[in-house]
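# Remarks on the overall topology
If you want the building blocks of each chain, they are given just below.
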Protein chains: 2
Amino acid sequence: MASSEIDQLIQLMSKIPGLGARSARRATLHLIKHRESLLSPLGEAMAAAATNVKNCGSCGNLDTTDPCGICQNNTRDQATICVVEDVSDLWALERAGAFAGLYHVLGGTLSPLDGVGPEDLRIDELITRVADGGVSEVIVALNATVDGQTTAHYLTDRLEESGVKVSHLAHGVPVGGELDYLDDGTLATALKSRRSLV
Amino acid sequence: MASSEIDQLIQLMSKIPGLGARSARRATLHLIKHRESLLSPLGEAMAAAATNVKNCGSCGNLDTTDPCGICQNNTRDQATICVVEDVSDLWALERAGAFAGLYHVLGGTLSPLDGVGPEDLRIDELITRVADGGVSEVIVALNATVDGQTTAHYLTDRLEESGVKVSHLAHGVPVGGELDYLDDGTLATALKSRRSLV
């Protein structure tokens, strides 16, 4: 159909999550039509990211420096480590702007059915970071899924002997959420964890 | 949140049609995690396309050569020109594999409300191609929208004096389409243009 060069670009574009064969064609055509403003800069940004972005050896975050900008930032609370499943969760917490400590990216959750064991995640690295001292609290901020909660329990067990404080995110009604649309489990948890106002 | 390099990539990714702010973050993370297999090749393919892809001076198609591969192909019927609105329509017809002539990409449709007049489209180039001779039929394959049909009528008027045969795509029931889901206009046209079987 089109030239092999355009075909190859469409082929690669269709592998981007969120784009299918059809939307990849549409997107590719849009990119080619906006060559100067979009296609060239995007190609350069991708090449730069492919070359420069690496995993932080300490927390597992993605950044152009190792240690990453968060680990290097001395104004952040070095005594609190927030454990997240993936870099996207770290980004979400940073966007919320409610946490000023350090992070630890596990790189997934335990999942015996998928063959993911503790040795496949960055759990030993976390234990080492805590054992090295200077950490007073580990906040386990894993997703509220079955695998996430299983992993959270496993982490709590492993961290118990270090004597460090381990906490979890609160469950409850999302801010702006309507009770009518919430599942029973969330409602029951929110009711059980109710806080007195006076 | 992330490093400025990753932020910039997310920012550019979110300008791809079909991706929003959230899916651009997810896609960027996926790309970075698949650096060797996806991010690097995609960056290279984009840079190559930005450098090499150009518009065909004859038909307006996008290709790495000018004239494009279709115009250069001597086995195609040089006497039939199919007029399409956009390169994506040319691609669609090529995928269908039902047309073996040449194309002419208008680059849009007439739209007085948006200030698109005949001088903004590649209409004069089409008239010149037809006037240069060797063309026996112009197939107007514009979208069945109001703007598309307006443009089709305008083209028919302009081509009338050249004496060349001008045809339009047939309207009717799409192959695999169910009558119950079709709009009244399509059904009425399909009925009016019915073809006898015996």
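It should be noted that the structure appears before, not after, this text.
First, a word on what this report is: a plain description of the structure on this page. (Residues numbered from 1 in each chain as written. Chains lettered and ligands numbered in written order. Predicted model: local features only at pLDDT ≥ 70, side-chain atom pairs only at ≥ 80, totals over all residues. Heavy atoms only, no water.)

Regarding its fold elements, chain A presents eight helices and six strands. Going residue by residue from the N terminus, the α and β elements of chain A occur as α-α-α-β-β-α-β-α-β-α-β-α-β-α. For chain A, the C-alpha radius of gyration of 21 Å lies well beyond 16 Å, the compact-globule estimate for 198 residues. Taken along its principal axes, the extent of the C-alpha atoms in chain A is 65 × 45 × 40 Å. Residues counted as buried form 43% of the 198 residues belonging to chain A. Counting contacts in chain A only where the partners sit at least 6 residues apart, residues at least 24 apart contribute 46% of the total. Summed over all atoms, the accessible surface of chain A reaches about 10700 Å², with 51% contributed by carbon and sulfur. One way to put it: in chain A the 16 positive side-chain charges average out to a point 8 Å from where the 26 negative ones average out. (Helix = DSSP H or I, 4+ residues; strand = E, 2+ residues; numbered from the N terminus. Rg over C-alpha atoms; globule rule 2.2 N^0.38 Å. Buried < 20%, exposed > 50% of the residue type's maximum accessible area, 1.4 Å probe, protein only. Contact = heavy atoms within 4.5 Å. Areas by Shrake-Rupley, 256 points an atom, 1.4 Å probe, with all protein chains shown as cover. Lys, Arg positive; Asp, Glu negative; His and termini not counted. Charge placed at Lys NZ, Arg CZ, Asp CG, Glu CD.)

With that settled, the discussion passes to the sheet that holds strand β5 (residues 137–140) of chain B. Residue and element names in this part refer to chain B. Spatially, β4-β3-β5-β6 is the arrangement adopted by the four strands of the open sheet, whose pairing is parallel. Bordering the open sheet on either side are β4 (101–105) and β6 (165–168), each of which pairs with just one other strand. Between one strand and the next, the sheet's axes are offset by a mean angle of 25°, whatever the strand orientation. Packed onto the sheet, helix α7 (residues 146–160) meets β3 (77–84), β5 and β6 and runs at close to 170° relative to β6. (Pairing = 2+ DSSP bridges. Axes fitted to C-alpha atoms, helices over the stretch in contact; angles between N-to-C directions.)

With that out of the way, let us pick up the sheet that holds strand β6 (residues 165–168) of chain A. Residue and element names in this part refer to chain A. Strand order in the open sheet formed by four strands is β4-β3-β5-β6, with parallel pairing between adjacent strands. The sheet terminates laterally at β4 (101–105) and β6, the two strands that pair on one side only. Each neighbouring strand pair of the sheet contributes to a mean axis angle of 25°, computed without reference to strand direction. With five bridges joining them, strand β3 (residues 77–84) and β4 adopt parallel strand pairing. Following the sheet pairing, D77 is matched in β4 by G101. Here helix α5 (residues 87–96) sits on the sheet and contacts β3 and β4; the angle it forms with β4, its principal contact strand, is near 160°.

These two copies of the chain differ by a rotation about an axis and a displacement along the same axis. In the superposition of chain B on chain A (RMSD 0.0 Å, axial shift 0.0 Å), the rotation amounts to 180°. Here the copies are linked by what is in effect a two-fold axis. Scanning chain B for the C-alpha nearest the rotation axis identifies G43(B), at a separation of 2.1 Å. Looking at the interface residues of chain B, 100% of them are also at the interface in chain A, so both copies use one shared face. (Least-squares fit on C-alpha atoms with pLDDT ≥ 70 in both.)

What follows is about the interface of chain B and chain A. Often, the extent of an interface is quoted as the loss of accessible area on bringing the components together. Contact residues are listed per partner, giving 46 residues for chain B and 46 residues for chain A. The tally of links from chain B across to chain A stands at two salt bridges. For the salt bridge of D86(B) with K33(A), the shortest nitrogen-to-oxygen distance reads 2.7 Å. The interface formed by chain B and chain A includes six residue pairs in polar contact (both at pLDDT 80 or more). Mapped onto the side of chain B that touches chain A, the elements with two or more residues apiece are α1 (4–13), α2 (21–33), α3 (35–52), β2 (62–63) and α5 (87–96) of chain B. For the side of chain B that touches chain A, the leading source of residues is α3(B), giving 13 residues. Its residues assigned to classes, the side of chain B that touches chain A comprises 27 nonpolar, eight polar and eleven charged. (Salt bridge = Lys/Arg side-chain N within 4 Å of Asp/Glu carboxyl O. Polar contact = N/O pair within 3.5 Å; in protein donor to acceptor, adjacent residues only side chain to side chain. Nonpolar A, V, L, I, M, F, W, Y, C, P; charged D, E, K, R; others polar.)

Right, let's talk about the packing of α2(B) against α3(B) for a bit. Two measures define how a pair of helices packs: the angle their axes make with one another and the distance between the axes. Residue and element names in this part refer to chain B. Relative orientation of the contacting elements α2 and α3 amounts to 110°, with a least axis distance of 6 Å. For the element pair α2 / α3, the angle class is roughly perpendicular. Mapping the contact onto sequence places H30, L31, I32 and K33 in α2 and R35, L38, L39 and L42 in α3. Among the residues forming the contact of α2 with α3, the class breakdown is five nonpolar, one polar and two charged. (Parallel < 35°, antiparallel > 145°, perpendicular 65-115°, else oblique.)

Residue and element names in this part refer to chain A. The full count for this structure, using the stated rule, is zero disulfides over all chains. You can see C59 has no disulfide; the closest cysteine sulfur is in C71, sitting 3.6 Å from it. According to the relative accessible area criterion, C59 is buried, its value standing at 1%. (Disulfide = S-S within 2.5 Å.)

For soluble globular proteins, nonpolar side chains are generally found buried alongside one another. By size, the foremost hydrophobic cluster in this structure holds 74 residues, and its most contacted members are M13(A) and M13(B). Not counting residues within four places of it along the chain, the set of residues in contact with M13(B) comprises I16(A), L42(A), M46(A), L19(B), A24(B), A27(B), T28(B) and L31(B). (Core = buried A, V, L, I, M, F, W, Y, C linked by side-chain atoms within 4.5 Å.)

Attention shifts here to a nonpolar patch on the surface. Side chains of V173(A), L179(A) and L187(A) sit close together on the surface and give an oily, nonpolar patch of about 230 Å² of accessible area. With respect to the helices and strands, V173(A) occurs in the loop between β6 and α8 (184–192). (Patch = residues over 30% accessible without salt bridge, like charges linked within 9 Å, V, L, I, M, F, W, Y side chains within 5 Å.)

So, about the pairing of strand β5 (residues 137–140) of chain A. All names here are of chain A. Burial along β5 is two-sided: E137 and I139 facing one way and V138 and V140 facing the other are all buried. Both β3 and β5 contribute to a ladder of four bridges, which runs parallel. Paired with T80 across the two strands is E137, which belongs to β5. Judged from the four bridges that link them, β5 and β6 form a sheet pairing that is parallel. Across the sheet, residue E137 finds its bridge partner in β6, namely K165.

Residues and elements named next belong to chain A. All chains considered together, the criterion is met by two aromatic pairs over all chains. Judged by centre distance (5.2 Å) and plane angle (70°), the ring pair of F99 and Y103 falls under edge-to-face. Its relative accessible area of 0% is what places Y103 among the buried residues. (Phe/Tyr/Trp six-rings, centres within 6.5 Å; stacked < 30°, edge-to-face > 60°.)

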